Each structure stands twice: as C-alpha cells, then as structure tokens.
Amino acid sequence: MKEKEIKFINSLNKKFNKNLVPSKDTFDVYDAYNENSIIEIKIRDKTYDTKFLQVDKCYQLLMVAEANGKRPFYVVRDPGGVYVFDLLDLKDNLLKKQIVKIKSPYSTEFTNNILIDKYFYELKESEGRVFKN
C-alpha cells in the first residue's frame, strides 16, 4: 500500500473515528477495513466532475463484502474533497448504468505499462456523500 493511502486512512480515523485498518496485502481487493466495512480508496491529483469505478473492482468489492458480512465503500479523494459511495446502496442503479470503456494503464503500480481497455461505471457526486475541502 502506498504511503499516501496510509496517511489518508489515518486522517479518516482522526476525523470520523472509524477505526480503519490498512489492508495487509498490496493486492487486496480493498485498501482498508473495520468491523463493519471494506473500503477501496482512490487518490487523485486532479478533480473530475465524474468519478469512475472500475466494473470488475465494483463486483469484487460487493462479493468480498457479502462473504465477510461487511458493507463495501468506494472513496475518492481529490483536491475538491472526499467522495464516499456506498456500493450496497448503489448496487441496483449500477447494474442499470451504461458501462464506459476507457484505454487505461494495465496497472498504476508499475511503470512502463501498456494501455488496455478497462470498463467503468460513472459515479456522480449526487450518488454519494461529499465532504468538501
């Protein structure tokens, strides 16, 4: 896990008292968890009107959360604020959404990546909770 994700998890714990623990494995489906939740975190350096959630990541989070009796969240932090999406609440609407194909690096964890087609759901601010900076 990257240092910036760990710092962000620590700041969430201080601000919201959520007792989040960073995931142990770099390749876990989620970045943090607590007694009730699993959380995937994306930290962006630029603010976009629409947040993107990779389709396969969405389904992995839903399945892992269900198997562990937890609630799955997708959290995006960018210069505009923190955006929290409850994937269980959004599940029915996500299934009806159009899927967007975007050429993206195979992985953001390694350099010199080739671009491949990845599939995303678009999430609007109104679909989550927003904590502005």
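Preceding block: the structure.
Being a predicted model, the structure only gives us computed values, none of them experimental.

A. Summary view of the pairing of strand 3 (residues 37-43). Across the seven residues of strand 3, six count as buried, placing the element largely inside the fold. Where strand 2 (residues 32-33) and strand 3 come together, two bridges link them in antiparallel fashion. Across the sheet, residue Ala 32 finds its bridge partner in strand 3, namely Ile 39. Taking the residues that link successive antiparallel strands as the turn, the strand 2-strand 3 hairpin has three residues. As defined by bridge partners, strand 3 adjoins strand 5 (residues 71-78) across seven bridges and the pair is classed as parallel. When the bridges of strand 5 are listed, Lys 42 appears paired with Val 76.

B. Just the pattern of salt bridges, in detail. Taken as a whole and assessed by the stated rule, the structure comprises nine salt bridges. Note that Lys 57 is salt-bridged to Glu 40, the shortest N-O span being 3.7 Å. Placement of the pair is Lys 57 in helix 2 (residues 55-68) and Glu 40 in strand 3, with a sequence separation of 17 residues. The shortest N-O distance in the salt bridge between Glu 127 and Lys 97 comes to 3.1 Å.

C. Expanded view of helix 2. Here helix 2 is 14 residues long and its end C-alpha atoms lie 20 Å apart, about the 20 Å a rise of 1.5 Å per residue gives. Those residues of helix 2 not exposed but buried are Val 55, Lys 57, Cys 58, Leu 61, Leu 62 and Ala 65. In a view along the axis of helix 2, the buried residues occupy a sector of 165 degrees, so they form one face of it. Projecting away from the buried face of helix 2 at angles above 90 degrees are the exposed residues Met 63 and Ala 67. Elements that come into contact with the buried residues of helix 2 comprise strand 3, strand 4 (51-54), strand 5, helix 3 (87-96) and strand 8 (115-123). Looking at the residues trailing helix 2, positive phi occurs at Gly 69, about 65 degrees.

D. Spatial organisation of the nonpolar core. Of all hydrophobic cores here, the largest spans 17 residues; its most connected members are Leu 53, Cys 58, Tyr 74, Phe 85, Leu 87, Leu 94 and Leu 123. Contributions of two or more residues to this core are made by helix 2, strand 5, strand 6 (81-86), helix 3 and strand 8. The element best represented in this core is helix 2, accounting for five residues.

E. Main features of the layout of surface pockets. In this structure, the second largest pocket spans a volume of roughly 340 Å³. Around the second largest pocket, the lining is made up of 13 residues, and of these Phe 16, Lys 18, Ile 39, Phe 73 and Val 84 lie nearest the centre. Those elements that provide at least two residues to the lining of the second largest pocket are helix 1 (3-16), strand 3, strand 5 and strand 9 (129-132). Tallied by class, residues from the lining of the second largest pocket come to eight nonpolar, three polar and two charged.

The rules behind each value
- Residues numbered from 1 in each chain as written.
- Predicted model: local features only at pLDDT ≥ 70, side-chain atom pairs only at ≥ 80, totals over all residues.
- Heavy atoms only, no water.
- Buried < 20%, exposed > 50% of the residue type's maximum accessible area, 1.4 Å probe, protein only.
- Helix = DSSP H or I, 4+ residues; strand = E, 2+ residues; numbered from the N terminus.
- Pairing = 2+ DSSP bridges.
- Salt bridge = Lys/Arg side-chain N within 4 Å of Asp/Glu carboxyl O.
- Expected span 1.5 Å × (residues − 1).
- Arc of directions from axis to C-beta.
- Contact = heavy atoms within 4.5 Å.
- Core = buried A, V, L, I, M, F, W, Y, C linked by side-chain atoms within 4.5 Å.
- 1 Å grid on protein atoms, 1.4 Å probe; cavity = no way out; pocket = protein on both sides within 12 Å on 5 of 7 lines; lining within 4 Å.
- Points joined across faces, edges and corners; volume = space filled by probe spheres on them.
- Nonpolar A, V, L, I, M, F, W, Y, C, P; charged D, E, K, R; others polar.

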